[in-house]
Amino acid sequence: MRDLHPLTLSPCHLPRHPPPPRLIIPRFSLHLALALHSDLERGSIALPKIGLLSDSHGRSSTTRRAVDVLLSHDVDVLLHLGDVGTVEVIDALAVDATDAGGRPVEAHLVFGNTDWDLAGLARYARDLGVQVDHPVGRLPLEEGTLVFCHGHEPDVLTQALAEQVRYLCHGHTHRTLDQRQGPTRVLNPGALFRARRYTVAVLDTARDDVTFFPVDER
């Protein structure tokens, strides 16, 4: 009988373990994503307070006042939901401010059906540090996802509702909206042009609370 030797494997025969999964961050601000990761490491997560505004249609002074209202309520993120109109409106979004935790306030935008020079506006926004998420933006939350768009494309709205996202934010109608459709809370902050009154909204995702604020029309 032959002697039995212990089975030995050369390195090329060793079983290969799959590489660890890659961390995939959706289209989201790097600053805010890193801040949330830091909060998770401390055992808690600071959910963002989000400032919503829409339908400026080139009214930069009104947009600047709207941004001031939102910043006065300590928002972490600004989301402009389309119909920007001009580069001056983008100037108003490019704020040099920090949130309650000392982190830079991020500004994001999508374009609307009356925004024509998309390439030029997008290039200008990116040069100022305003993130362009057109046609649809997504923010990952501790529970679920926030989707934002202008609202003039029904297929985009339908898809978000089919995904049962936590929040769906849009503009376009020039009317405020706070409505639940199944598990999704659908929000429209109103408009900064051609509205009975100009409004913005603050979404506190930690409390699932939405508050609308008027903006001076002067």
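Structural data are supplied above this passage.
Residues numbered from 1 in each chain as written. Predicted model: local features only at pLDDT ≥ 70, side-chain atom pairs only at ≥ 80, totals over all residues. Heavy atoms only, no water.

Draft legend 1. Molecular detail of the sheet that holds strand β9 (residues 184-189). With respect to topology, five strands assemble into an open sheet ordered β5-β6-β7-β9-β8, the strand pairing being mixed. Only two strands of the sheet have a single neighbouring strand rather than two, namely β5 (137-140) and β8 (176-181). Sheet twist, expressed as the mean angle between neighbouring strand axes with direction ignored, is 15 degrees. Where β5 lies against strand β6 (residues 145-148), four bridges are found, and the strand directions are antiparallel. Residue pairing in the sheet places Pro140 in a bridge with Thr145 of β6. Helix α5 (residues 154-163) contacts β5, β6, β7 (167-169), β8 and β9 of the sheet and is inclined by roughly 170 degrees relative to β7. (Pairing = 2+ DSSP bridges. Helix = DSSP H or I, 4+ residues; strand = E, 2+ residues; numbered from the N terminus. Axes fitted to C-alpha atoms, helices over the stretch in contact; angles between N-to-C directions. Contact = heavy atoms within 4.5 Å.)

Draft legend 2. Structural context of the sheet that holds strand β1 (residues 49-53). Reading across the sheet, the six strands line up as β4-β3-β2-β1-β10-β11 and stay open at both edges, with mixed pairing between neighbours. The open sheet has two free edges, formed respectively by β4 (131-132) and β11 (209-214), since each of these has just one partner strand. Note: β1 against strand β10 (residues 199-204), four bridges, orientation antiparallel. Across the sheet, the residue bridging to Lys49 is Asp204, located in β10. Helix α2 (residues 60-71) rests against β1, β2 (77-80), β10 and β11 of the sheet, and its axis sits at about 160 degrees to β1.

These figures capture arrangement, not role.
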